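As a plain string of letters, each chain reads:
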Amino acid sequence: MRGFFELEKIQAPYKSEKGYHSCASCGLYKYVLNPRIKPYGNARKGIMVIGEGPGEDEDKKGKPWQGKMGRALQRKYKQLGIDLFEDCVSLNAVNCRPVDKKGNNRPPSEFEIACCREKVINAIKQYRPQVIILQGGAAVSSLIGHRWQRDLGGIMKWRGWTIPDKDYQAWICPTFHPSFVERQEDQNEVGVIWTRDLKRAFAKAEEPLPQYKSEEDCIVVTDDIEGTLTRFNKQEGRMAFDIETTGLKPYDKSVHKIVSISFCNDPDIAYAIPFPEKKKHLRMLKELLENPRIGKIAANMKYEDNWLSVMCGIEVHPWKFDTMQAAHILDNRPGITSVKFQGYVQFGVLGYDEFVRPYLKSPNSNTPNRIMELVSDKNAFRKLLTYNGIDSLIEYRLALKQMKEIGLK
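Residues numbered from 1 in each chain as written. Predicted model: local features only at pLDDT ≥ 70, side-chain atom pairs only at ≥ 80, totals over all residues. Heavy atoms only, no water.

### What about the nonpolar core?
- Among the nonpolar cores identified, the biggest contains 52 residues, and Y77, L143, I144 and W158 are the most heavily contacted of them.
- Looking at this core, the element that brings in the most residues is helix α8 (residues 188-203), giving five residues. (Core = buried A, V, L, I, M, F, W, Y, C linked by side-chain atoms within 4.5 Å. Buried < 20%, exposed > 50% of the residue type's maximum accessible area, 1.4 Å probe, protein only. Helix = DSSP H or I, 4+ residues; strand = E, 2+ residues; numbered from the N terminus.)

### Topic: the packing of aromatic side chains
- Applying the stated criterion across every chain, the model contains 16 aromatic pairs.
- Taken together, a centroid distance of 6.1 Å and an interplanar angle of 70° make the contact between W158 and Y344 edge-to-face. With W158 in helix α6 (residues 155-158) and Y344 in helix α13 (residues 339-347), this residue pair connects regions lying 186 residues apart in the sequence. With respect to class, W158 is no different from Y344; both count as buried.
- Arranged with centres 5.8 Å apart and planes meeting at 70°, the rings of W161 and F341 form a pair that is edge-to-face. One end of the pair, W161, is in the loop between α6 and β6 (163-165); the other, F341, is in helix α13, with 180 residues separating them in the sequence. (Phe/Tyr/Trp six-rings, centres within 6.5 Å; stacked < 30°, edge-to-face > 60°.)

### Observations concerning empty space enclosed by the protein
- In the structure shown here, the tally under the stated rule is two cavities of 30 Å³ or more.
- The volume enclosed by the largest cavity comes to roughly 100 Å³.
- Considering the residues around the largest cavity, the lining is formed by 14 residues, among which C23, C26, C96, C115 and C116 are closest to the centre.
- Looking at the lining of the largest cavity, the elements that each hand over two or more residues are α1 (23-26) and α4 (110-127).
- By residue number, the principal contributor to the lining of the largest cavity is α4, which donates four residues.
- Partitioning the lining of the largest cavity into residue classes produces eight nonpolar, three polar and three charged.
- One number sums up the size of the second largest cavity: a volume of about 30 Å³. (1 Å grid on protein atoms, 1.4 Å probe; cavity = no way out; pocket = protein on both sides within 12 Å on 5 of 7 lines; lining within 4 Å. Points joined across faces, edges and corners; volume = space filled by probe spheres on them. Nonpolar A, V, L, I, M, F, W, Y, C, P; charged D, E, K, R; others polar.)

### A look at the environment of V181
- In this fold, V181 is placed in helix α7 (residues 178-183).
- C-alpha separation for the pair V181 and Y29, spaced 152 residues apart in sequence, amounts to 29 Å.
- Each residue touching V181, except ones within four places of it in the same chain, is listed here: F176, V190, G191 and W194. (Contact = heavy atoms within 4.5 Å.)

### Overview of the pattern of salt bridges
- On inspection of all chains with the given rule, the structure shows 22 salt bridges.
- The shortest N-O distance in the salt bridge between K401 and E405 comes to 2.7 Å. Here K401 pairs with E405, and both are found in helix α15 (residues 378-406), just four residues apart, close to one helical turn.
- Take E405: its relative accessible area is 43%, and that puts it in the partly exposed class.
- Where salt bridges share partners, they join R44, K45 and D87 into one cluster. (Salt bridge = Lys/Arg side-chain N within 4 Å of Asp/Glu carboxyl O.)

### Thoughts on a positive patch on the surface
- Side chains of K61, K63, R71 and R75 sit close together on the surface and give a patch of like positive charge.
- With respect to the helices and strands, the residue K61 is situated in helix α2 (residues 56-61). (Patch = residues over 30% accessible without salt bridge, like charges linked within 9 Å, V, L, I, M, F, W, Y side chains within 5 Å. Areas by Shrake-Rupley, 256 points an atom, 1.4 Å probe, with all protein chains shown as cover. Lys, Arg positive; Asp, Glu negative; His and termini not counted. Charge placed at Lys NZ, Arg CZ, Asp CG, Glu CD.)

### Observations regarding the packing of α13 against α15
- Following both chains from N to C, one finds α13 and α15 inclined at 60°, their axes separated by 10 Å at the closest point. Relative to α15, α13 is oriented oblique. The handedness of the crossing between α13 and α15 comes out as left-handed. Two secondary-structure elements touch here, α13 through V339, K340, Q342, G343, Q346 and F347 and α15 through Y387, D391, I394, E395, R397, L398, K401 and Q402.
- Looking at the contact of α13 with α15 residue by residue, the class counts come to five nonpolar, four polar and five charged. (Axes fitted to C-alpha atoms, helices over the stretch in contact; angles between N-to-C directions. Parallel < 35°, antiparallel > 145°, perpendicular 65-115°, else oblique. Left-handed = near helix turned anticlockwise from the far one by under 90°.)

Here's what the structure looks like:
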């Protein structure tokens, strides 16, 4: 797995549409007793704890977790066998106390979080933690928000995952902030969930990150359509596949088409090809996708099933597994079933769609997207095929993992 030290994309941008991200532009340091509070703790067990921002007690003492919520966190950690200040190192998403006009504590703004992000990332570089616990939504925004180019959502979406983050080379474990747990004291299940999430996070201190090859290195992009179809049709078992199309719905054949397809039956290699146009190759594709010896895997299988049926008369058979449905069965929270979300929280794969994403958006379900602009450019089309291949690769890896969790052979 590649570490984050080589990736500029996780560094806070020097300038955004909202201005410069710096202490000067943030200005919180002007109004506090202890500005730029530094990380605190001995980190004996390689655990980093990131909170929201200093409160009044933290500002007075110049250390994280010194007030009422800090004491609550210390008690909970101790209950689970962890000393907050000996076993962990702590800091906040914003390292100066955010206050309102009346001098009261308030949540940090997204801009303030962005201004402090570089300090958080530098602390990770310095301490190289095995586990990073994100206590609350501000911490999630600090470490994930700038890399997750979609709807970030709140802590309810992220809590409980143990993410093998490739950039930070650590398990990222979001969970509730202790202040949220306190406010929900009449709901016992919140405390139970918080305890369970923390137990899961602490257990990762003893578990190495999974080692996969770089996803881009796993993709074979080829124009050998016949050879690729022959290769997969000779095999048996399970196969994930994925298509890229000009839109969401295939019914207007005058404007829509399938531009590429990828296949994967091994967690370390996938093949991506331009979608077949010759009659011979279409017959070979039909034979492969209707081969009864090969169980088909997809994410949201109705999409592939519909497009291939309408466009090519291919009735995919047999369908073996749908990773999107399985994700919903395993965890019914909204917003977590997509390949991109599951690829990140399960395997730490993030940002591989950054180049192609703008071209895949359609104004509405019947209007073509801009994917043909990629097809017309050789280098851009190769990037599209690589992206298509990574989708299949993740779907296959994810299906194997989900089948095991569900209890399927």
